[in-house]
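A look at the structure
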Amino acid sequence: MAKKAKAGNEKKGAKVFKTKCSQCHTVEEGGAHKQGPNLYGFFGRQSGQAEGYSYSSANKKSGIQWGDDTLFDYLENPKKYIKGTKMVFAGIKKPQERKDLIAYLKSTCSP
């Protein structure tokens, strides 16, 4: 397997989250759902499981377990990764931006 680019930068990831994700998602424990679900505690959890959020059936039935690899692929093109998702985000094409965002989410959304 080819070696992937360097690890994600949490500080750069915070900037990515702020510009591309925060209009629809929150990350703090007990944070409100917006157009998208609150992301606190989602690492290691199966998709479509945040309490109190109305997911698409495609998301609930996908069986995806959120981790570095699944997030990396999902964030590139959410609609392709989970066909039928209601997430209206085009995706993040740059691999390093996705790694930075994942590093930020891991530290911010983990209990």
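Moving on, we come to the side chain of His25. You can see His25 is positioned in the loop between helix H1 (10–20) and helix H2 (57–61). Residue classification places His25 among the buried residues on the basis of a relative accessible area of 13%. Separated by 2.8 Å, the side chain of His25 and the backbone oxygen of Pro37 make a polar contact. The contacts of His25, once residues within four sequence positions are left out, are Phe17, Lys34, Gly36, Pro37 and Leu39.

Mapped onto the secondary structure, Val88 falls in the loop between helix H4 (78–81) and helix H5 (95–109). For the pair Val88 and Thr19, spaced 69 residues apart in sequence, the C-alpha to C-alpha distance is 15 Å. Those residues in contact with Val88 that sit more than four places away from it in its chain are Gln35 and Lys79.

We now examine the confidence of the model for the chain. Per-residue confidence for the chain averages 93 on the pLDDT scale, and 95% of its residues sit at or above 70. Mean pLDDT in the chain bottoms out at H2, which sits at 95, and peaks at H1, which reaches 98.

A separate point is the packing of aromatic side chains. Scanning all chains against the criterion turns up five aromatic pairs. Consider the rings of Phe17 and Tyr104, whose centres lie 5.5 Å apart with planes at 40 degrees: the pair is tilted. Residue Phe17 is found in helix H1, and its partner Tyr104 is found in helix H5; the two are separated by 87 residues along the sequence. One exposure class covers both Phe17 and Tyr104, and it is buried. Ring centres 6.0 Å apart and planes at 75 degrees place the aromatic pair Tyr74 and Tyr81 in the edge-to-face group. Directly above the aromatic system of Phe72 lies the positively charged group of Arg98, at a separation of 4.1 Å from the ring centroid.

Attention now goes to the packing of H1 against H5. What describes two packed helices is the angle between their axes and the distance between those same axes. Their axes nearest at 7 Å, the elements H1 and H5 cross at an angle of 95 degrees. Here H1 is positioned roughly perpendicular relative to H5, judged by the angle of their axes. From H1, Glu10, Lys12, Gly13, Ala14, Val16, Phe17 and Lys20 reach across to H5, where they touch Glu97, Asp100, Leu101, Ala103, Tyr104, Leu105 and Ser107. Considered class by class, the residues forming the contact of H1 with H5 number seven nonpolar, two polar and five charged.

Before going further, it helps to examine H1. For H1, the full list of buried residues reads Gly13, Val16 and Phe17. Taken around the axis of H1, the buried residues stretch over an arc of 100 degrees, which confines them to a single face. Across H1 from its buried face, at more than 90 degrees, point the exposed residues Lys11, Lys15, Lys18 and Thr19. Measuring from the backbone nitrogen of Lys11 back to the side-chain oxygen at the start of H1 gives 2.9 Å, which picks out Asn9 as the cap.

Reading guide: rules and limits
- Residues numbered from 1 in each chain as written.
- Predicted model: local features only at pLDDT ≥ 70, side-chain atom pairs only at ≥ 80, totals over all residues.
- Heavy atoms only, no water.
- Helix = DSSP H or I, 4+ residues; strand = E, 2+ residues; numbered from the N terminus.
- Buried < 20%, exposed > 50% of the residue type's maximum accessible area, 1.4 Å probe, protein only.
- Polar contact = N/O pair within 3.5 Å; in protein donor to acceptor, adjacent residues only side chain to side chain.
- Contact = heavy atoms within 4.5 Å.
- pLDDT = per-residue confidence, 0-100.
- Phe/Tyr/Trp six-rings, centres within 6.5 Å; stacked < 30°, edge-to-face > 60°.
- Lys NZ or Arg CZ within 6 Å of the ring centre and 35° of its normal.
- Axes fitted to C-alpha atoms, helices over the stretch in contact; angles between N-to-C directions.
- Parallel < 35°, antiparallel > 145°, perpendicular 65-115°, else oblique.
- Nonpolar A, V, L, I, M, F, W, Y, C, P; charged D, E, K, R; others polar.
- Arc of directions from axis to C-beta.

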